[in-house]
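Working through the structure, step by step
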Amino acid sequence: MLHRLSLRVLPQLSLTVTEPEIRTRKRIVMFVVGLMAFAAYRVGKQVVPLSDPLTLLAYTAGLAAVLAGVSYAAARRLPLGQLPMAETPRRWAWLLGWTGAVYGAQLALLVLALLQICVNYDFFQHPDGPAMMAVIISCSAVSRDAVEIGHLRWMESQGRSFLTFPDGGSFRGLLGRDPAGMLRSAAIGMLLCAVGSWIIGALFTGSMAPLAQLLMATVLGGSAALYAYLAGLSAPATWKERARQTHWMELARFWWWPGFAFAATYFLVMYGIAEFVLRAAARSRVQFGILATGTGFLMGLYCYYLGARRAFEDRIHATVPSSMLRCPFITGILGKHKGASAPGAADAAAFSKAAHPVAME
């Protein structure tokens, strides 16, 4: 779900995909896709056993991949004959495989886990309702993100350059340049959530344990996310200095979203994997500890990246006028400027690659 975080946290991407025109288009596409997903579920349940969780996940993943391609095509604004050449095979694999199939299956697990924990609507006892909601909600969300990605690619085809494209390339680049910072934030998130899970496990058992663990992972995972974001944003300074310089309302907003929201999301997805894929229904303290530790790890890792990427974009926008950033010639110069004495040379090279991902692949 890193692409979703990038689309909402990084200002350049967020402002682009929330313009009034694209918002209207997203609502229309999501409505149509929701109807298509409902029809596909009604037909599919007559053909395959969607009461089996693995079959449901496979069906949802395949359907989400197809609808991601359709939604992307609607936003890309290209004739069907030109659409296959619009992206590299690697980009298509990411778009249809990761943001389509894998993301769709994750969202289906999220829906099933949320219904079971929060409203006691168990898929194993009443499969039809949860299965239908899982298919519709996951496909609608996948189509929304595919429209946003297609809109970004259409904007690029019109000459607009973006400092970051949400395909994970910048994340892998930062992991190679600053593994210590990323892993340190991930380790702190893991430790915080593991301790919290151990304490909650001693206080709550039985039917209350999943909900208590979810609330714990939400709060502590969101806290780890805020720390990691400030650590990435402030490097090489300390996160405490950045926290003092940031208005408390902005800190609270990030703590709530994406901190709380995505910490709960990752915990629920991992709970869904344990419950519906692995069928590990014992729900021991060790199992909850693993889920909480994984939540803290992902929130620390991803939010450090978001902070570092936000700081990079702020530096570029502060030193290069926005009118020049739209010029491919200028971005080429930035990419070639690698002098060791020039501050931000690595950022400039990263910017050049992020701004023109297709041309450089």
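Reading the values: rules and limits
- Residues numbered from 1 in each chain as written.
- Predicted model: local features only at pLDDT ≥ 70, side-chain atom pairs only at ≥ 80, totals over all residues.
- Heavy atoms only, no water.
- pLDDT = per-residue confidence, 0-100.
- Contact = heavy atoms within 4.5 Å.
- Axes fitted to C-alpha atoms, helices over the stretch in contact; angles between N-to-C directions.
- Helix = DSSP H or I, 4+ residues; strand = E, 2+ residues; numbered from the N terminus.
- Parallel < 35°, antiparallel > 145°, perpendicular 65-115°, else oblique.
- Left-handed = near helix turned anticlockwise from the far one by under 90°.
- Nonpolar A, V, L, I, M, F, W, Y, C, P; charged D, E, K, R; others polar.
- Buried < 20%, exposed > 50% of the residue type's maximum accessible area, 1.4 Å probe, protein only.

Notes on the confidence of the model for the chain
With 84% of its residues at a pLDDT of 70 or more, the chain has an overall mean of 86. Counted against residues more than four places away or in other chains, residues 323-361, with its pLDDT under 50, gives 56 contacts.

Re the packing of helix H9 (residues 209-234) against helix H11 (residues 248-277)
Interaxial distance between H9 and H11 falls to 7 Å at its minimum, and their mutual angle equals 130 degrees. Here H9 lies oblique to H11, going by the angle between them. In the crossing of H9 with H11, the sense of the turn from one axis to the other is right-handed. Residues that form the contact of H9 with H11 fall into these classes: 17 nonpolar, 6 polar and no charged.

Topic: unusual backbone geometry
With an omega dihedral of 15 degrees, the bond running from Trp257 to Pro258 counts as a cis peptide bond. As for its position among the elements, Pro258 is in helix H11. Non-glycine residue Asn120 carries a positive phi angle of around 55 degrees. Following the sequence through the fold, Asn120 ends up in the loop between helix H5 (89-118) and helix H6 (128-157). Backbone geometry at Arg279 places phi at a positive 55 degrees, although glycine is not the residue there. Turning to its location among the elements, Arg279 is positioned in the loop between H11 and helix H12 (285-319).

Structural notes on helix H1 (residues 2-9)
Most of H1 is tucked away: 7 of the 8 residues are buried. Listed in full, the buried residues belonging to H1 are Leu2, His3, Arg4, Leu5, Ser6, Leu7 and Val9.

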